[in-house]
Amino acid sequence: MIHVIIPVYNRIEYTVRCINSLEKQAVKDKLNIIVVDDCSSDNTKNILIKQFPHVKILTGTGLLFWGGAVSYAIDHVLQNSKSNDWVLLVNNDVELSNDTISKLIEFSESNNRKVITSALTLDLNDKQTIIKSGTIVESWFFNKTRHILNGLNINQLKNKEPIKVHFLTGRCVLHPIEVFKIAGNYDSKTFLHYGGDDEFSMRVKKFDYSTFVYPKSLVYLNLNEQKKKKKLNHKRFLFVFFNIKSSSNILNKFRLSIKIVPFYAKLSFFLIGVLKSLYIFFKK
(Lines give C-alpha, C1' and ligand atoms only; values in the text may rest on other atoms or scores of the structure.)
Protein backbone atom coordinates (compact mmCIF):
# COMPACT_ATOMS: atom_id res chain seq x y z
CA MET A 1 0.00 0.00 0.00
CA ILE A 2 1.16 3.53 -0.83
CA HIS A 3 -0.17 6.05 1.67
CA VAL A 4 -0.33 9.45 -0.06
CA ILE A 5 -0.44 12.34 2.40
CA ILE A 6 -1.63 15.75 1.17
CA PRO A 7 -1.62 18.64 3.70
CA VAL A 8 -4.09 21.34 2.65
CA TYR A 9 -5.41 24.69 3.71
CA ASN A 10 -7.87 26.14 1.17
CA ARG A 11 -6.97 26.16 -2.57
CA ILE A 12 -9.55 23.43 -3.21
CA GLU A 13 -9.09 23.78 -6.97
CA TYR A 14 -5.43 22.80 -6.59
CA THR A 15 -6.32 19.85 -4.37
CA VAL A 16 -8.85 18.54 -6.90
CA ARG A 17 -6.32 18.71 -9.74
CA CYS A 18 -3.69 17.03 -7.57
CA ILE A 19 -6.01 14.14 -6.65
CA ASN A 20 -7.11 13.78 -10.28
CA SER A 21 -3.46 13.29 -11.25
CA LEU A 22 -3.13 10.65 -8.51
CA GLU A 23 -6.16 8.85 -9.92
CA LYS A 24 -4.26 8.44 -13.21
CA GLN A 25 -1.21 6.80 -11.67
CA ALA A 26 -0.06 3.43 -12.98
CA VAL A 27 -0.27 2.21 -9.36
CA LYS A 28 -3.61 3.89 -8.59
CA ASP A 29 -5.12 0.66 -7.21
CA LYS A 30 -2.45 0.61 -4.48
CA LEU A 31 -3.02 4.19 -3.29
CA ASN A 32 -4.50 5.20 0.04
CA ILE A 33 -5.01 8.94 -0.36
CA ILE A 34 -5.13 10.94 2.88
CA VAL A 35 -5.93 14.66 2.90
CA VAL A 36 -5.19 16.60 6.08
CA ASP A 37 -7.59 19.53 5.98
CA ASP A 38 -6.34 22.11 8.49
CA CYS A 39 -9.69 23.91 8.92
CA SER A 40 -9.98 25.26 5.38
CA SER A 41 -12.54 28.03 4.87
CA ASP A 42 -13.37 27.18 1.24
CA ASN A 43 -15.53 24.10 1.87
CA THR A 44 -12.63 21.78 1.06
CA LYS A 45 -13.90 18.89 3.19
CA ASN A 46 -17.42 18.77 1.75
CA ILE A 47 -16.21 19.13 -1.83
CA LEU A 48 -13.73 16.30 -1.41
CA ILE A 49 -16.34 14.04 0.22
CA LYS A 50 -18.62 14.59 -2.75
CA GLN A 51 -16.02 14.25 -5.53
CA PHE A 52 -13.70 11.67 -3.96
CA PRO A 53 -15.64 9.60 -1.40
CA HIS A 54 -12.81 7.07 -1.19
CA VAL A 55 -10.30 9.69 0.01
CA LYS A 56 -9.60 9.68 3.74
CA ILE A 57 -9.91 13.13 5.32
CA LEU A 58 -8.20 13.99 8.59
CA THR A 59 -9.34 17.25 10.17
CA GLY A 60 -6.74 19.55 11.70
CA THR A 61 -7.00 22.16 14.43
CA GLY A 62 -6.22 25.11 12.17
CA LEU A 63 -2.76 25.32 13.73
CA LEU A 64 -1.09 22.25 12.22
CA PHE A 65 0.56 23.96 9.25
CA TRP A 66 2.68 21.75 6.98
CA GLY A 67 4.82 20.09 9.62
CA GLY A 68 1.97 19.35 11.97
CA ALA A 69 -0.27 18.01 9.20
CA VAL A 70 2.46 15.68 7.93
CA SER A 71 3.40 14.27 11.34
CA TYR A 72 -0.29 13.86 12.28
CA ALA A 73 -1.00 11.87 9.11
CA ILE A 74 2.14 9.74 9.47
CA ASP A 75 1.12 8.83 13.04
CA HIS A 76 -2.26 7.79 11.63
CA VAL A 77 -0.64 5.70 8.88
CA LEU A 78 1.72 3.94 11.28
CA GLN A 79 -1.29 2.58 13.18
CA ASN A 80 -2.75 1.07 10.00
CA SER A 81 0.21 -0.05 7.87
CA LYS A 82 2.15 -3.13 6.86
CA SER A 83 5.90 -3.63 6.84
CA ASN A 84 6.32 -3.18 3.08
CA ASP A 85 4.13 -0.06 2.72
CA TRP A 86 5.21 3.37 1.51
CA VAL A 87 4.45 6.97 2.52
CA LEU A 88 4.37 9.60 -0.20
CA LEU A 89 4.21 13.26 0.81
CA VAL A 90 2.55 15.42 -1.85
CA ASN A 91 1.79 19.14 -1.77
CA ASN A 92 -1.58 20.06 -3.23
CA ASP A 93 -0.14 22.57 -5.73
CA VAL A 94 1.53 19.84 -7.80
CA GLU A 95 0.24 17.48 -10.46
CA LEU A 96 1.97 14.15 -11.07
CA SER A 97 2.93 12.42 -14.29
CA ASN A 98 1.18 9.09 -14.75
CA ASP A 99 4.30 7.11 -13.79
CA THR A 100 5.66 9.43 -11.08
CA ILE A 101 5.03 7.09 -8.16
CA SER A 102 5.94 3.84 -9.90
CA LYS A 103 9.33 5.26 -10.90
CA LEU A 104 10.04 6.42 -7.34
CA ILE A 105 9.20 2.97 -6.00
CA GLU A 106 11.28 1.25 -8.68
CA PHE A 107 14.32 3.33 -7.72
CA SER A 108 13.84 2.79 -3.99
CA GLU A 109 13.46 -0.97 -4.39
CA SER A 110 16.63 -1.09 -6.49
CA ASN A 111 18.39 0.42 -3.45
CA ASN A 112 16.91 -2.01 -0.92
CA ARG A 113 14.49 0.68 0.32
CA LYS A 114 17.38 2.54 1.97
CA VAL A 115 16.67 5.84 0.21
CA ILE A 116 14.26 8.75 0.57
CA THR A 117 13.46 9.86 -2.96
CA SER A 118 11.93 12.99 -4.45
CA ALA A 119 10.50 13.58 -7.89
CA LEU A 120 11.97 16.34 -10.05
CA THR A 121 9.73 19.42 -10.21
CA LEU A 122 8.86 21.22 -13.44
CA ASP A 123 6.91 24.44 -13.98
CA LEU A 124 3.30 23.49 -14.72
CA ASN A 125 2.98 26.40 -17.16
CA ASP A 126 5.50 25.05 -19.69
CA LYS A 127 6.23 21.56 -18.29
CA GLN A 128 9.90 22.04 -19.19
CA THR A 129 11.53 24.47 -16.72
CA ILE A 130 13.05 22.73 -13.70
CA ILE A 131 12.13 24.15 -10.28
CA LYS A 132 14.09 23.70 -7.05
CA SER A 133 13.74 20.06 -6.05
CA GLY A 134 16.76 19.35 -3.88
CA THR A 135 19.79 21.14 -2.41
CA ILE A 136 23.48 20.32 -2.12
CA VAL A 137 25.56 22.06 0.55
CA GLU A 138 28.94 22.96 -0.95
CA SER A 139 30.18 24.72 2.20
CA TRP A 140 28.54 24.63 5.63
CA PHE A 141 30.76 27.40 7.01
CA PHE A 142 29.94 29.84 4.19
CA ASN A 143 26.36 28.61 3.77
CA LYS A 144 27.09 27.92 0.13
CA THR A 145 24.30 25.82 -1.36
CA ARG A 146 23.26 24.74 -4.84
CA HIS A 147 19.72 23.93 -5.95
CA ILE A 148 20.30 21.12 -8.40
CA LEU A 149 19.24 21.70 -12.04
CA ASN A 150 17.18 24.75 -10.98
CA GLY A 151 16.19 26.86 -14.01
CA LEU A 152 17.34 24.36 -16.61
CA ASN A 153 15.13 22.98 -19.36
CA ILE A 154 14.33 19.29 -18.87
CA ASN A 155 15.34 18.71 -22.50
CA GLN A 156 18.86 19.93 -21.68
CA LEU A 157 19.55 16.97 -19.41
CA LYS A 158 22.02 14.57 -21.01
CA ASN A 159 20.98 11.85 -18.61
CA LYS A 160 18.38 11.41 -15.93
CA GLU A 161 20.39 9.58 -13.34
CA PRO A 162 19.48 9.99 -9.64
CA ILE A 163 21.21 12.87 -7.86
CA LYS A 164 22.26 12.59 -4.23
CA VAL A 165 21.43 15.72 -2.23
CA HIS A 166 21.65 17.01 1.34
CA PHE A 167 18.11 18.44 1.49
CA LEU A 168 14.91 17.34 -0.22
CA THR A 169 11.99 19.65 -0.90
CA GLY A 170 8.91 17.99 0.60
CA ARG A 171 6.81 18.45 -2.53
CA CYS A 172 6.63 14.83 -3.70
CA VAL A 173 8.80 12.56 -1.55
CA LEU A 174 8.62 8.78 -1.16
CA HIS A 175 9.50 7.08 2.13
CA PRO A 176 9.64 3.37 2.93
CA ILE A 177 7.34 2.98 5.95
CA GLU A 178 10.07 1.51 8.14
CA VAL A 179 12.14 4.71 8.11
CA PHE A 180 9.71 6.31 10.58
CA LYS A 181 10.08 3.42 13.02
CA ILE A 182 13.87 3.73 12.76
CA ALA A 183 14.43 7.50 12.54
CA GLY A 184 11.19 8.86 13.97
CA ASN A 185 8.52 11.14 12.54
CA TYR A 186 8.90 14.64 11.08
CA ASP A 187 9.73 17.12 13.86
CA SER A 188 6.64 19.31 13.84
CA LYS A 189 7.32 20.70 17.32
CA THR A 190 10.50 22.42 16.15
CA PHE A 191 9.57 23.00 12.51
CA LEU A 192 5.88 23.78 12.31
CA HIS A 193 5.83 24.85 8.67
CA TYR A 194 9.24 25.29 7.00
CA GLY A 195 12.43 23.37 7.72
CA GLY A 196 10.95 20.02 8.62
CA ASP A 197 11.86 18.49 5.25
CA ASP A 198 15.46 19.76 5.56
CA GLU A 199 15.85 18.45 9.10
CA PHE A 200 14.37 15.05 8.24
CA SER A 201 16.61 14.80 5.16
CA MET A 202 19.66 15.17 7.39
CA ARG A 203 18.41 13.03 10.27
CA VAL A 204 17.81 9.90 8.18
CA LYS A 205 21.46 9.90 7.10
CA LYS A 206 22.38 8.95 10.67
CA PHE A 207 20.52 5.69 10.05
CA ASP A 208 22.27 4.87 6.74
CA TYR A 209 19.56 6.25 4.48
CA SER A 210 20.45 8.42 1.48
CA THR A 211 18.41 11.24 -0.05
CA PHE A 212 18.00 11.47 -3.82
CA VAL A 213 16.17 13.44 -6.47
CA TYR A 214 15.14 11.14 -9.32
CA PRO A 215 14.79 13.04 -12.64
CA LYS A 216 12.89 10.20 -14.32
CA SER A 217 10.02 10.88 -11.92
CA LEU A 218 8.27 14.21 -12.57
CA VAL A 219 5.75 16.51 -10.92
CA TYR A 220 4.47 19.86 -12.15
CA LEU A 221 4.24 22.84 -9.78
CA ASN A 222 1.67 25.62 -10.11
CA LEU A 223 3.77 28.78 -9.74
CA ASN A 224 0.99 31.30 -10.34
CA GLU A 225 0.62 32.31 -6.69
CA GLN A 226 4.36 32.41 -6.03
CA LYS A 227 4.88 34.87 -8.90
CA LYS A 228 2.50 37.52 -7.55
CA LYS A 229 4.42 40.67 -6.65
CA LYS A 230 4.31 41.80 -3.03
CA LYS A 231 4.63 45.39 -1.78
CA LEU A 232 7.78 46.07 0.22
CA ASN A 233 6.72 47.72 3.49
CA HIS A 234 7.10 47.07 7.21
CA LYS A 235 4.21 44.60 7.25
CA ARG A 236 5.83 42.62 4.46
CA PHE A 237 9.17 42.75 6.29
CA LEU A 238 7.62 41.36 9.48
CA PHE A 239 5.89 38.61 7.51
CA VAL A 240 9.01 37.54 5.60
CA PHE A 241 11.29 37.38 8.64
CA PHE A 242 8.97 36.39 11.48
CA ASN A 243 5.84 34.67 10.14
CA ILE A 244 5.51 30.88 10.50
CA LYS A 245 4.54 30.60 6.83
CA SER A 246 7.70 32.31 5.58
CA SER A 247 10.72 30.32 4.42
CA SER A 248 12.91 33.25 5.57
CA ASN A 249 11.68 33.15 9.17
CA ILE A 250 14.72 34.06 11.28
CA LEU A 251 13.79 31.90 14.27
CA ASN A 252 13.31 28.95 11.93
CA LYS A 253 16.74 29.53 10.39
CA PHE A 254 18.25 29.58 13.87
CA ARG A 255 16.58 26.31 14.87
CA LEU A 256 17.69 24.66 11.64
CA SER A 257 21.27 25.81 12.16
CA ILE A 258 21.27 24.39 15.69
CA LYS A 259 19.74 21.06 14.66
CA ILE A 260 21.59 20.09 11.47
CA VAL A 261 24.68 22.24 10.86
CA PRO A 262 28.12 20.96 12.00
CA PHE A 263 29.26 22.63 15.24
CA TYR A 264 32.08 24.66 13.64
CA ALA A 265 29.67 26.28 11.16
CA LYS A 266 26.47 26.85 13.16
CA LEU A 267 26.95 30.59 13.75
CA SER A 268 28.29 31.47 10.30
CA PHE A 269 25.65 29.35 8.55
CA PHE A 270 22.87 31.16 10.43
CA LEU A 271 24.24 34.70 9.97
CA ILE A 272 24.96 34.25 6.27
CA GLY A 273 21.50 32.75 5.83
CA VAL A 274 19.91 35.87 7.34
CA LEU A 275 22.05 38.12 5.14
CA LYS A 276 20.96 36.15 2.07
CA SER A 277 17.32 36.63 2.99
CA LEU A 278 17.82 40.36 3.56
CA TYR A 279 19.54 40.69 0.18
CA ILE A 280 16.72 38.88 -1.62
CA PHE A 281 14.06 40.89 0.20
CA PHE A 282 15.49 44.31 -0.69
CA LYS A 283 16.53 43.26 -4.19
CA LYS A 284 12.87 42.60 -4.97
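The structure reproduced in this document is the subject of the present report. Note that the structure is predicted; figures quoted are calculated from it, not measured.

## Some remarks on the overall build of the chain
Thinking step 1. A tally of helices and strands in the chain yields nine helices and 13 strands.
Thinking step 2. Taken against the 2.2 N^0.38 rule, which gives 19 Å for 284 residues, the C-alpha radius of gyration of the chain at 18 Å falls within 12% of a compact globule.
Thinking step 3. Reported as C-alpha extents along the three principal axes, the dimensions of the chain are approximately 50 × 40 × 40 Å.
Thinking step 4. Taking all 284 residues of the chain together, 52% fall into the buried category.
Thinking step 5. Considering only residue pairs separated by 6 or more positions, the chain has 74% of its internal contacts joining residues 24 or more positions apart.
Thinking step 6. A total of about 14200 Å² of accessible surface is found on the chain, and carbon and sulfur atoms cover 54% of it.
Thinking step 7. Within the chain, one finds 41 positive and 24 negative side-chain charges whose respective centroids are separated by 6 Å.

## Overview of the packing of helix α1 (residues 12-22) against helix α2 (residues 44-51)
Angle between the axes and distance between the axes are the two parameters that describe a pair of packed helices.
Thinking step 1. In the contact formed by α1 and α2, the axes pass within 10 Å of each other and the chain directions differ by 30 degrees. Relative to α2, the element α1 lies roughly parallel. Considering how the two elements wind past one another, α1 and α2 form a crossing that is right-handed. Residues Ile-12, Thr-15, Val-16 and Ile-19 of α1 touch α2, and the partners they reach there are Thr-44, Ile-47, Leu-48 and Gln-51.

## Section: helix α3 (residues 65-78)
Note that an α-helix has 3.6 residues per turn; residues three or four places apart therefore point the same way.
Thinking step 1. For α3, with 14 residues, the first-to-last C-alpha span of 20 Å sits near the 20 Å given by 1.5 Å per residue.
Thinking step 2. By the criterion of burial, α3 is predominantly enclosed, with 10 of the 14 residues buried.
Thinking step 3. Among all positions of α3, only Phe-65, Trp-66, Gly-67, Gly-68, Ala-69, Val-70, Ser-71, Ala-73, Ile-74 and Val-77 are buried.
Thinking step 4. Contacts from the buried residues of α3 go to β1 (2-8), β2 (31-37), β3 (56-59), β4 (86-90), α5 (178-183) and α6 (196-203).

## Re the pairing of strand β8 (residues 134-139)
Within a regular strand, the side chains alternate between the two sheet faces.
Thinking step 1. Extensive coverage of β8 is indicated by the burial of five of its six residues.
Thinking step 2. In terms of strand pairing, β8 meets strand β11 (residues 167-168) through two bridges, oriented antiparallel. By the bridge assignment for β11, Thr-135 is matched with Phe-167.
Thinking step 3. If you look at the hairpin formed by β8 and strand β9 (residues 144-147), you'll find four residues sitting between the two strands, and Asn-143 has a positive phi there, around 50 degrees.

## What to know about the pattern of salt bridges
Thinking step 1. Tallying each qualifying case throughout the model produces eight salt bridges.
Thinking step 2. Between Arg-11 and Asp-93 there is a salt bridge; the shortest N-O distance is 3.7 Å. One end of the pair, Arg-11, is in the loop between β1 and α1; the other, Asp-93, is in the loop between β4 and β5 (94-96), and 82 residues separate them in sequence.
Thinking step 3. Put simply, Arg-146 and Glu-138 hold a salt bridge, and the shortest N to O gap is 2.9 Å.
Thinking step 4. Overlapping salt bridges, with partners in common, bring together Glu-138, Lys-144 and Arg-146 in one network.

## Overview of unusual backbone geometry
Thinking step 1. Although it is not a glycine, Arg-11 adopts a positive phi angle of roughly 55 degrees.
Thinking step 2. Judged by relative accessible area, which is 24%, Arg-11 ranks as partly exposed.
Thinking step 3. At Asn-143, a position not held by glycine, the phi torsion is positive, near 50 degrees.
Thinking step 4. Take Asn-143: it is sitting in the loop between β8 and β9.
Thinking step 5. Classification of Asn-143 by relative accessible area gives buried; the value is 6%.

## Quick look at the nonpolar core
The nonpolar side chains of a soluble globular protein tend to be buried, and buried together.
Thinking step 1. Counting 37 residues, the largest nonpolar core has Ile-5, Val-87, Leu-120, Val-179 and Tyr-186 as the members making the most contacts within it.
Thinking step 2. Those elements that provide at least two residues to this core are β2, α3, β4, β6 (115-123), α5 and β13 (210-221).
Thinking step 3. Considering each element in turn, this core owes the most residues, six residues, to α3.
Thinking step 4. Not counting the four nearest positions on each side in its chain, Val-87 is found in contact with His-3, Ile-5, Ile-74, Val-77, Val-173, Leu-174, His-175, Ile-177 and Phe-180.
Thinking step 5. If you look at the next biggest cluster of nonpolar residues, it comprises 36 residues, including Ile-12, Leu-22, Val-115 and Val-219.

## Observations concerning the sheet that holds β8
Thinking step 1. The sheet built from three strands is open, its strands ordered β9-β8-β11 with antiparallel pairing. Strands at the two margins of the open sheet, each flanked by one partner only, are β9 and β11.

About the cut-offs
Residues numbered from 1 in each chain as written. Predicted model: local features only at pLDDT ≥ 70, side-chain atom pairs only at ≥ 80, totals over all residues. Heavy atoms only, no water. Helix = DSSP H or I, 4+ residues; strand = E, 2+ residues; numbered from the N terminus. Rg over C-alpha atoms; globule rule 2.2 N^0.38 Å. Buried < 20%, exposed > 50% of the residue type's maximum accessible area, 1.4 Å probe, protein only. Contact = heavy atoms within 4.5 Å. Areas by Shrake-Rupley, 256 points an atom, 1.4 Å probe, with all protein chains shown as cover. Lys, Arg positive; Asp, Glu negative; His and termini not counted. Charge placed at Lys NZ, Arg CZ, Asp CG, Glu CD. Axes fitted to C-alpha atoms, helices over the stretch in contact; angles between N-to-C directions. Parallel < 35°, antiparallel > 145°, perpendicular 65-115°, else oblique. Left-handed = near helix turned anticlockwise from the far one by under 90°. Expected span 1.5 Å × (residues − 1). Pairing = 2+ DSSP bridges. Salt bridge = Lys/Arg side-chain N within 4 Å of Asp/Glu carboxyl O. Core = buried A, V, L, I, M, F, W, Y, C linked by side-chain atoms within 4.5 Å.

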